[in-house]
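Residue strings, one per chain:
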Amino acid sequence: MKSKERATLSGIALAALLAPGLLVGGEVQALPEGVETVEVKPTSKDHPLDEIISGWQYRSPETQALQEDDFENPAFLWVEQGEELWSTVDGAANKSCASCHDDAADTMASVGANMPKWNKALDKPVNLEQQINLCRTEQMEAEPWKWESAQLLGMTAYVKNQSRGEPVSVQTDGPMKPWFDKGKELYYTRVGQLDMACSSCHEDYYGKQIRADMLSQGQTNGFPTYRFKWQKIGSLHRRFKGCMKNIRATPYKVGSDEFLALELYTAWRGQGLPVEAPAVRQ
Amino acid sequence: MTSTDIAKQKLVSALCAIALSVGFAGGAAAAPIAPQDVKVVDDAIAASLTGSAGDVEAGKKWFKGRKAGNCLACHANDDMASESFHGEIGPPLDGVGERYTEAELRAIIVNSKAVFGDETIMPSFYRADYGNRIAKSFKDKTILSAEQVEDVVAYLRTLNQ
């Protein structure tokens, strides 16, 4: 790969002793809180990458430090809000999330790692934001939350955080196949005045500096993510939109079928990577 | 019509008069060649897009400007050591004025794909006839104007250590 030479893992036994640090090239490296690795091998032989690396790896030590400890992590303001909303009754049915799902630590332990998921009733996949709003409208008879609202971001971050450390694992076969194929097509299609595809940056040049930013693989395991640039937490679809705007393309809409397909495909590119949500980025 | 509207209209007609007189006074200054008429021959474009030589100082500005060429996003360049954050996507451009002729540099900037192949990540800076989902405000526009391309070419020609 074109990425910088990466020190190989050595002395795993020693690393285990020093946990939660990771031993890389003889140096103990810290890890994001709640996960044991930021790099895995692809299991599918169709995978375009020979190493799957979390975006955390490409950030500055200062940014990384904020994700080593939940007390430092600014995204936890939103997680706490989500936690509160979890047991807040809302809507005509007089229910909260907890009315149906009890303790999120048990019932939501892997959901965040498996999204987007097939939804039989709708005959299409739904992602976490969409599932939360489906619960609100169908079960609670409450208004759906707006995309990018503090409530929806908070709940998404809270639920996703229950799956922290779980390996990303999305279904891509069966009814998901056409969505996966569509997402793949979008990933490799050049768009915008700068005429670039997602792959132009995140597959061909990850590990390289593009002006002030070090390009990552564009992995999604950290979302929703706190960004300094946003001064708040933001959704994956907001990030997709930002990347498209940067190359002077007309972005798809948040929550659109296009971004849903892209979310499925990019999740698969990170298959096996532990969920880190909520991550911290520049 | 309000008085500000009238004032605006006066201003517009005054500006038009200036533009016209500049156009006539220029006389020989022909319009730059349109993007769709530019031909890359043997990885080169022999003639200036504007018919005249570019300005080195302006070229520097477009080279590093984030809203202009933003060449520095992808290329390191020792000549701009005072600028922070040089990219690592393309090769460093030190000495590029010696490696390529003026005509070759022009072709690389105008239509990188004609020179490096369709797979290159480097944008083509003077093409307007292609692309998907281009944002409205950039539609049918080139990334750099003909003048800006010539300015950047002039600047790159100075990079010859």
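The shown structure was predicted, so the numbers you read here are calculated from the model rather than taken from an experiment.

Here we take up empty space enclosed by the protein. Residues and elements named next belong to chain A. By the definition in use, this model includes two cavities of 30 Å³ or more. Empty space within the largest cavity amounts to approximately 190 Å³. Lining the largest cavity are 18 residues, with K160, T220, F223, L236 and E263 sitting closest to its centre. Of the residues assigned to the lining of the largest cavity, the class counts are eight nonpolar, seven polar and three charged.

Another point: the confidence of the model for chain A. Overall, the prediction assigns chain A a mean pLDDT of 92, with 90% of residues at 70 or greater. For residues 1-20 of chain A, every residue scores under 50 in pLDDT, and the model assigns this stretch 30 contacts once sequence neighbours within four places are set aside.

Residues and elements named next belong to chain A. Scanning the model with the defined rule gives 13 aromatic pairs over all chains in all. Considering the side-chain rings of W78 and Y226, the 6.0 Å spacing of their centres and the 50 degrees angle between planes classify their relative orientation as tilted. Of the two residues, W78 is situated in helix α3 (residues 76-86) and Y226 in strand β9 (residues 225-227); the sequence distance between them amounts to 148 residues. Residues W78 and Y226 agree in their burial class; the two are buried. For the ring pair Y187 and Y188, a centre distance of 5.4 Å and an interplane angle of 75 degrees mean the geometry is edge-to-face.

Bringing the packing of helix α4 (residues 102-110) of chain B against helix α6 (residues 146-157) of chain B into the picture now. All names here are of chain B. Contact geometry of α4 with α6 gives a least axis separation of 10 Å together with a crossing angle of 130 degrees. With respect to α6, the axis of α4 lies oblique. Considering the relative orientation of α4 and α6, their crossing is right-handed. Across the interface between the two elements, E102, L105, R106, I109 and V110 from α4 touch V149, E150, V152, V153, L156 and R157 from α6.

What follows covers the side chain of T156(A). Positionally, T156(A) belongs in helix α7 (residues 150-162). Not counting chain neighbours up to four residues away, the residues in contact with T156(A) comprise L128(A), E129(A), I132(A) and P224(A).

Turning next to the pattern of salt bridges. Tallied over the entire structure, the rule returns eleven salt bridges over all chains. Put simply, D90(A) and R136(A) hold a salt bridge, and the shortest N to O gap is 2.7 Å. Taken together, the residues span a long stretch of sequence, with D90(A) in the loop between α3 and α4 (97-101) and R136(A) in helix α6 (residues 128-139) at a distance of 46 residues. We classify D90(A) as partly exposed; its relative accessible area is 33%. Residue classification places R136(A) among the buried residues on the basis of a relative accessible area of 5%. Between D195(A) and K113(B) there is a salt bridge, with its nearest N and O atoms 2.5 Å apart. Highlighted residues: D195(A) in the loop between α8 (177-188) and α9 (198-202) and K113(B) in helix α5 (residues 112-116), drawn from two different chains. The class for D195(A) is buried, based on a relative accessible area of 6%. Take K113(B): its relative accessible area is 7%, and that puts it in the buried class.

With that settled, the discussion passes to the nonpolar core. F63(B), I109(B), V149(B) and L156(B) are the most contacted members of the largest nonpolar core, which has 63 residues in total. At the level of secondary structure, the elements contributing two or more residues to this core comprise α8, α10 (236-246) and α11 (257-269) of chain A together with α2 (56-64), α4 and α6 of chain B. Per-element accounting of this core gives the leading share, eight residues, to α11(A). If we skip the residues at most four places from it in the chain, I109(B) touches M122(B), P123(B), S124(B), F125(B), Y126(B), L144(B), V149(B), V152(B), V153(B) and L156(B).

In this assembly, 25 residues from chain A lie in contact with 29 residues from chain B. Buried surface at the junction of chain A and chain B, summed over both partners, amounts to about 2300 Å²; 51% is from carbon and sulfur atoms. By the criterion of area lost to chain B, the three top residues of chain A are Q193(A), R211(A) and R248(A), representing 38% of everything that side buries. The tally of links from chain A across to chain B stands at two salt bridges. At the boundary of chain A with chain B, the tally comes to 16 residue pairs in polar contact (both at pLDDT 80 or more). For the side of chain A that touches chain B, the secondary-structure elements that each account for two or more residues are α9 and β7 (209-210) of chain A.

Here is what the cut-offs are and how they apply
Residues numbered from 1 in each chain as written. Chains lettered and ligands numbered in written order. Predicted model: local features only at pLDDT ≥ 70, side-chain atom pairs only at ≥ 80, totals over all residues. Heavy atoms only, no water. 1 Å grid on protein atoms, 1.4 Å probe; cavity = no way out; pocket = protein on both sides within 12 Å on 5 of 7 lines; lining within 4 Å. Points joined across faces, edges and corners; volume = space filled by probe spheres on them. Nonpolar A, V, L, I, M, F, W, Y, C, P; charged D, E, K, R; others polar. pLDDT = per-residue confidence, 0-100. Contact = heavy atoms within 4.5 Å. Phe/Tyr/Trp six-rings, centres within 6.5 Å; stacked < 30°, edge-to-face > 60°. Helix = DSSP H or I, 4+ residues; strand = E, 2+ residues; numbered from the N terminus. Buried < 20%, exposed > 50% of the residue type's maximum accessible area, 1.4 Å probe, protein only. Axes fitted to C-alpha atoms, helices over the stretch in contact; angles between N-to-C directions. Parallel < 35°, antiparallel > 145°, perpendicular 65-115°, else oblique. Left-handed = near helix turned anticlockwise from the far one by under 90°. Salt bridge = Lys/Arg side-chain N within 4 Å of Asp/Glu carboxyl O. Core = buried A, V, L, I, M, F, W, Y, C linked by side-chain atoms within 4.5 Å. Buried area = accessible area lost by both parts, 1.4 Å probe. Polar contact = N/O pair within 3.5 Å; in protein donor to acceptor, adjacent residues only side chain to side chain.

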